[in-house]
Amino acid sequence: MNEPRSFSLRARLLFWAFVAALATPTALMLAGQGGFSPETENRPPAPLPTLNGQPLREFPRAFEAFFNDAFGLRAAMIKINAKIHSRLLRGTITPDVVAGREGWLFYKGEHIRGTPQSNLQIFLGTYPLDSDFLEKARRVQSRLRHYFEARGIRYYLVLVPSKISVYPEYMRGGKPPAEMSAIDVVARHLQDHGEPHVVNLRPGLLRCKEQAQIYHKTDTHWSDEGMLCGCRLLAERIGLETRWETVARQAGLHHGDLAKMEGKSAADGSEPTTEVRRVPETARLIPEDSLGGRLAQSIWLKDATWKIFETPDSSAPRLLCLGDSFFMRGNFTRLFAEAFSYSVFLWNDHLAPEYLDWIQPDVVIWEVTERRLRILADPLNPGIPFDPE
Amino acid sequence: MVFSSTIFLFLFLPLTIVLYYALPAKLKNFLLLAASLVFYAWGEPLAVFLMLFSIAGNYLMGRLIAWSMAAGRAAIVRGTLVAAVALNIGMLVVYKYSDFLVFNLNSLLDLNLPLPNIPLPIGISFFTFQALSYVIDVYREEGTVQKNVFSLALYISLFPQLIAGPIVRYRDVDAQIRARKTDYRQMLRGVALFIVGLAKKVMVANVAGEVADQIFGVPVANWTGGMAWLAVASYTLQIYFDFSGYSDMAIGLGRIFGFEFLENFRHPYVSQSIREFWRRWHISLSTWFRDYVYVPLGGSRNGSARLYLNQLIVFLLCGLWHGASWTFVVWGLWHGMFLVLERMGIGAALERAWRPVRHLYVMAVVMAGWVFFRAATLPEAWRILRTLVGAGAESGSGYSAHLYLTPLWLLTAAAGCVACTPIPAALAQRALRAAPSARIRFSLRLAATAGLLALLTYSAISVACSAYNPFIYFRF
């Protein structure tokens, strides 16, 4: 076999420059200059695997996961790609995010193999709502209502619309909000079949939308204005005394979760927003590391993500609220807690019955976002033990 | 491992190149063999043993054929060849077609046999055909028997063409495995081809593929005519740029390591007939079938009827080679049918037709064929074809092509339509020839190098972004 001959210095230089360019990300990684950003990816980086403790056949996949998170120039390359896509091509780098009109971003919904993503189904009016699902959901709600009624607790199922069913006009191929979205179909079915405790926030939010921007452009969730609207709608429906008549507004910046998914840092991906606080603000957050917080964590709440608030008004009702990110992220809990003497918010769909003994709630709320409506048919949600029918 | 992954691009490839050129000549083949086994085992840790079994079996049978031929034992020669073919085809049947066979047996005979569910080893169709090529070439005395098992292992497992071709025939690389020349100009041509192939894959195939996947993910009952056209057009772009991109990368990598593989795609979408299409599409596969199936069946030597039958058999097998499903069988027969029709007279009529009409005919046949190739079932393919011509039921589901038509897709489709013709290369050649001075020629070459650098940079960025995996909520 002949060794390569040097026909020209230029060819030799170009060839080795190509090899060096390809090797640069690995070299930087070895030099400790990796490029993972937990802020934008919302997860910890994959660890460097070892050959001990796992089957050899799993090593390549584990190492590749580590390498994919650790190679050098990663963050810079992702940022450049995000800029090219958002500024030049008006697209996104994450397949789960759709770039709509005027800078609006939409989350398509969680991946379930073989089915279109849920928010997309909501937009298209194809969210699967057959009679079997609706009947199962009604049965679950009926059982829950009876369970709480027997204990003298007021129970409400609160349905929060997806951004895509409130602002579909900003979606690619946009159109005005549908008269009946998936959330309306479910709410109406439950209400028409003897379950009056269902609170559908969509009609009220569509009215509020005329007054203010109630969802963030670059986030899955509602803005503070949307949260305030949600609090007022709930107060009216549940019959709370607090109505958030006086609020203070101040301009701020919001670094949306979808902007983060698109690789945008707070500096270049934040959108202007209006921060809203009730005046006077009386709810006090019990810190997780306080004695009460630690006790709650160790005895009752275990692995759940939670927030507990107290207000000086001991005559106000006590609240236990289960829900998802719409209630748990941002300022919603702080705003809503103003209406209660003691309120516990759990980022969870599963309720342990012993919570009721501990919290002694007057009101229980289970909040479900529109794109997660499917869980309503799951008899294990929330985790109340039911007597068999 | 795939070429368009970060681990290959940023770690495996540069490391292999550096080690290859750092080692003395006598160790280079061992290094390539070790790298190829790691490359294969990375994705298929257990399947590598199947490949090693194939290598050992074909090595022993090749040696036995050569020894028997030298000893004049014709019966042993024929028996060993039959055994070798049975071994290779048997492996393919067990690993690729057993579920298909059992499923159809169950349907046909009303049985309830359990499906074997054997995982398909990646690249088995390619390395099995290469192994068959080796023993048949030895039998036909068109290649010298390989006495060094490591060299045969390198031929069968060589990583550039291992998982997506081109199917390299033993007689074409026999001499190169034993001794090959490398020089920096050839290596640079390899680099250029690799970059072009990578760009084809990540900049066109992946973008078009994402749209095709999204639409094919929607139940066909909800498709509109626009969606059907968009899906089929996207898939037409995806399959060409994906496959030819991989081939270009493989040929380019081969050159980097001193091998010269034959061209596998020659602008098939500019063809004027289906016959021409198959002289331009996956050339290594069609020539493999020509040399190892069509010619032994008698080719065109036994009259027209036998020729038509031979062509249909070859294309039925070609379809089945692509996948164990009736959709692939129909795809193969679809092409076989048009080849036969062209031989029966349509071809002559086509030659007299206006050039755009011939082109439209080819694209219509090819795109309709891709519907069978991509659809999950034959009824789904039929429904897509009906939707394409406006005969599908309007679902009123709210889906529309607008949902998938992004500026990126439009840009990609426009670039893809130009890049799948020979026009860009011809323009570049013409500009070089017409350059009035050496200085201008140098400037043009510099511009081409800058263009390649831009393609590499953007492709690398796209590959890096494939490692970007954000979660909206880690806890859900």
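This brings us to the overall build of chain B. Broken down by element type, chain B carries 19 helices and zero strands. Over its C-alpha trace chain B gives a radius of gyration of 24 Å, about what one expects of a compact globule, namely 23 Å for 476 residues. The dimensions of chain B, computed from C-alpha atoms along their principal axes, are 70 × 70 × 65 Å. Counting across all 476 residues of chain B, residues that qualify as buried make up 54%. Within chain B, residue pairs in contact and separated by at least 24 positions form 74% of the contacts whose partners lie at least 6 positions apart. Surface accessibility of chain B: about 20500 Å² in total, with carbon and sulfur atoms responsible for 67%. Across chain B, the mean location of the 38 positive side-chain charges is 8 Å away from that of the 21 negative side-chain charges.

Another point: the sheet that holds strand β4 (residues 198-200) of chain A. To summarise the sheet geometry, strands pair through backbone hydrogen bonds and adopt either a parallel or an antiparallel arrangement. Residues and elements named next belong to chain A. Within the open sheet, the seven strands sit side by side as β4-β3-β11-β9-β10-β8-β7. Their pairing is mixed. A strand with exactly one partner marks an edge of an open sheet, and here the two such strands are β4 and β7 (284-285). Judged from the four bridges that link them, strand β9 (residues 318-323) and strand β11 (residues 363-369) form a sheet pairing that is parallel. Within β11, the position partnered with L322 by the bridge is W366. Contacting β3 (154-160) and β11, helix α6 (residues 131-149) crosses the sheet at an angle of about 145° to β3. Sitting on the sheet, helix α10 (residues 224-238) is in contact with β3, β4 and β11, with an inclination near 145° to β3.

Residues and elements named next belong to chain B. If you walk through the whole model with that rule in mind, you get 27 salt bridges over all chains. Among the ionic pairs, E142 bridges to R171, the shortest N-O distance being 2.2 Å. Separated by 29 residues along the polypeptide, E142 in the loop between α5 (124-139) and α6 (149-157) and R171 in helix α8 (residues 170-178) bring together distant segments of the chain. For E263, the salt bridge identified is with R266, shortest N-O distance 3.1 Å. On the basis of relative accessibility, which here comes to 43%, the residue E263 falls in the partly exposed class.

Across the boundary between the two partners, chain A contributes 71 residues, which contact 64 residues of chain B. Buried surface at the junction of chain A and chain B, both sides included, amounts to about 6100 Å², of which 70% is carbon and sulfur. Applying the counting criterion to the chain A and chain B interface returns zero salt bridges. Viewed at the interface, chain B and chain A are joined by five residue pairs in polar contact (both at pLDDT 80 or more). Residue assignment for the side of chain A that touches chain B shows that the elements contributing at least two residues are α1 (9-30), α2 (38-41), α3 (59-70), α4 (74-88), α5 (118-124) and α11 (257-261) of chain A. Among the elements that make up the side of chain A that touches chain B, the one with the highest residue count is α1(A) (twelve residues). When its residues are assigned to classes, the side of chain A that touches chain B shows 32 nonpolar, 18 polar and 21 charged.

We now examine unusual backbone geometry. With an omega dihedral of -5°, the bond running from V279(A) to P280(A) counts as a cis peptide bond. In this model, N117(B) sits at a positive phi of 50°, which is unusual for a non-glycine residue. Take N117(B): it is sitting in the loop between α4 (74-109) and α5. In this structure N117(B) comes out as exposed when scored by relative accessible area, which is 56%. Non-glycine residue H267(B) carries a positive phi angle of around 50°.

Along its sequence, chain A is carved into domain 1 (24-72) and domain 2 (118-377). A C-alpha centroid distance of 37 Å is found between domain 1 of chain A and domain 2 of chain A.

Quick look at the packing of aromatic side chains now. Taken as a whole, this structure holds 73 aromatic pairs over all chains when the rule is applied. Relative to Y269(B), the ring of Y240(B) has its centre 5.3 Å away and its plane inclined at 50°; by these criteria the two rings are tilted. Within this pair, whereas Y240(B) is found in helix α10 (residues 225-256), its partner Y269(B) is found in the loop between α10 and α11 (274-280), the two being separated by 29 residues in sequence. No difference in accessibility class separates Y240(B) from Y269(B), as the two residues are buried. The ring centre of Y167(A) lies 4.9 Å from the NZ or CZ of K209(A), which sits over that ring.

On to the layout of surface pockets, then. Within this model, the second largest pocket holds a volume of roughly 680 Å³. The wall of the second largest pocket is formed by 24 residues, among which R61(A), W42(B), G43(B), E44(B) and P45(B) lie closest to the centre. When contributions to the lining of the second largest pocket are tallied by element, the ones reaching two or more residues are α3 of chain A together with α2 (25-43) and α3 (47-71) of chain B. Broken down by element, the lining of the second largest pocket gets its largest block of residues, four residues, from α2(B). Among the residues forming the lining of the second largest pocket, the class breakdown is 17 nonpolar, two polar and five charged.

Further remarks concern a nonpolar patch on the surface. All names here are of chain B. A cluster of nonpolar residues, L309, L312, I313, L316, L317, L333 and M337, forms a patch on the protein surface that exposes about 480 Å² of accessible area. Looking at the nonpolar patch element by element, the count peaks at five residues for helix α13 (residues 304-322). Secondary-structure assignment places L317 in helix α13. Here L317 falls in the partly exposed class, since its relative accessible area comes to 34%.

Residue and element names in this part refer to chain A. The final tally for this structure, using the stated rule, is one disulfide over all chains. Across the disulfide from C208 sits C229; the S-S distance is 2.0 Å. A torsion of 80° about the S-S bond marks the disulfide between C208 and C229 as right-handed. Taken together, the residues C208 in helix α9 (residues 202-208) and C229 in helix α10 connect sequence positions 21 residues apart. C229 supplies the cysteine sulfur nearest to C231, a cysteine that is in no disulfide, at a spacing of 9.3 Å.

What counts as what
- Think of each chain on its own: its residues are numbered from 1, step by step along the sequence as written.
- Written order decides the labels, with chains lettered from A and ligands numbered from 1.
- It should be noted that, the model being predicted, local features are given only for residues of pLDDT at least 70 and side-chain atom pairs only at 80 or more, the latter also being counted only at that level, while totals for whole chains, interfaces and linings use all residues.
- With hydrogens and water excluded, all non-hydrogen atoms of the structure serve as input to the side-chain values.
- Counting from the N terminus, the helices are the DSSP runs of H or I reaching at least four residues and the strands are the DSSP runs of E reaching at least two.
- Radius of gyration: over C-alpha atoms. The globule rule applied is 2.2 Å multiplied by the number of residues raised to the 0.38 power.
- Relative accessibility decides the category of a residue: with a 1.4 Å probe and only protein chains considered, values under 20% of the type maximum give buried, values over 50% give exposed, and everything between is partly exposed.
- Should any heavy atoms of two residues lie within 4.5 Å, those residues are considered in contact.
- A 1.4 Å probe and the Shrake-Rupley method give the accessible areas. Residues count as covered only by the protein chains that appear here.
- Under the counting rule used here, the positive set is Lys and Arg, the negative set is Asp and Glu, and His together with the chain ends is not counted.
- Charged side chains are reduced to one point each, which is NZ for Lys, CZ for Arg, CG for Asp and CD for Glu.
- One bridge is not enough; two strands pair if DSSP finds at least two bridges between them.
- Axis angles are defined between N-to-C directions and span 0 to 180 degrees, where every axis is a line fitted to C-alpha atoms and, for a helix, only to the segment in contact.
- Any Lys or Arg side-chain nitrogen located within 4 Å of an Asp or Glu carboxyl oxygen qualifies as a salt bridge.
- Two parts placed together each lose some accessible area; with a 1.4 Å probe, that loss summed over both constitutes the buried area.
- Any N or O atom pair separated by 3.5 Å or less is treated as a polar contact, with the protein-specific requirement of one donor-capable and one acceptor-capable atom, and with residues adjacent in sequence counted only for side-chain atom pairs.
- Each residue receives one of three labels: charged for Asp, Glu, Lys and Arg, nonpolar for Ala, Val, Leu, Ile, Met, Phe, Trp, Tyr, Cys and Pro, and polar for the others, Gly being one of them.
- Start and end points for every domain follow an automatic or database-based domain assignment.
- For Phe, Tyr and Trp, rings pair up if their centres lie within 6.5 Å, where Trp contributes its six-membered ring, and each pair is then called stacked (planes under 30 degrees apart), edge-to-face (over 60) or tilted (otherwise).
- Distance and angle both matter: a charge sits over a ring if NZ of Lys or CZ of Arg is within 6 Å of the ring centre and within 35 degrees of the ring normal.
- Only protein atoms enter the calculation, which uses a 1 Å grid: trapped sets of points that fit a 1.4 Å probe without letting it out are cavities, open sets showing protein on both sides within 12 Å along at least five of seven lines are pockets, and any residue with an atom within 4 Å of a point is a lining residue.
- Grid points are joined across faces, edges and corners, and a volume is the space filled by probe spheres set on the points.
- Surface patches are defined over residues having more than 30% relative accessible area and no salt bridge, joining like charges when they lie within 9 Å and nonpolar side chains (Val, Leu, Ile, Met, Phe, Trp, Tyr) when within 5 Å.
- Here, two cysteine sulfur atoms that lie within 2.5 Å of each other are counted as a disulfide.

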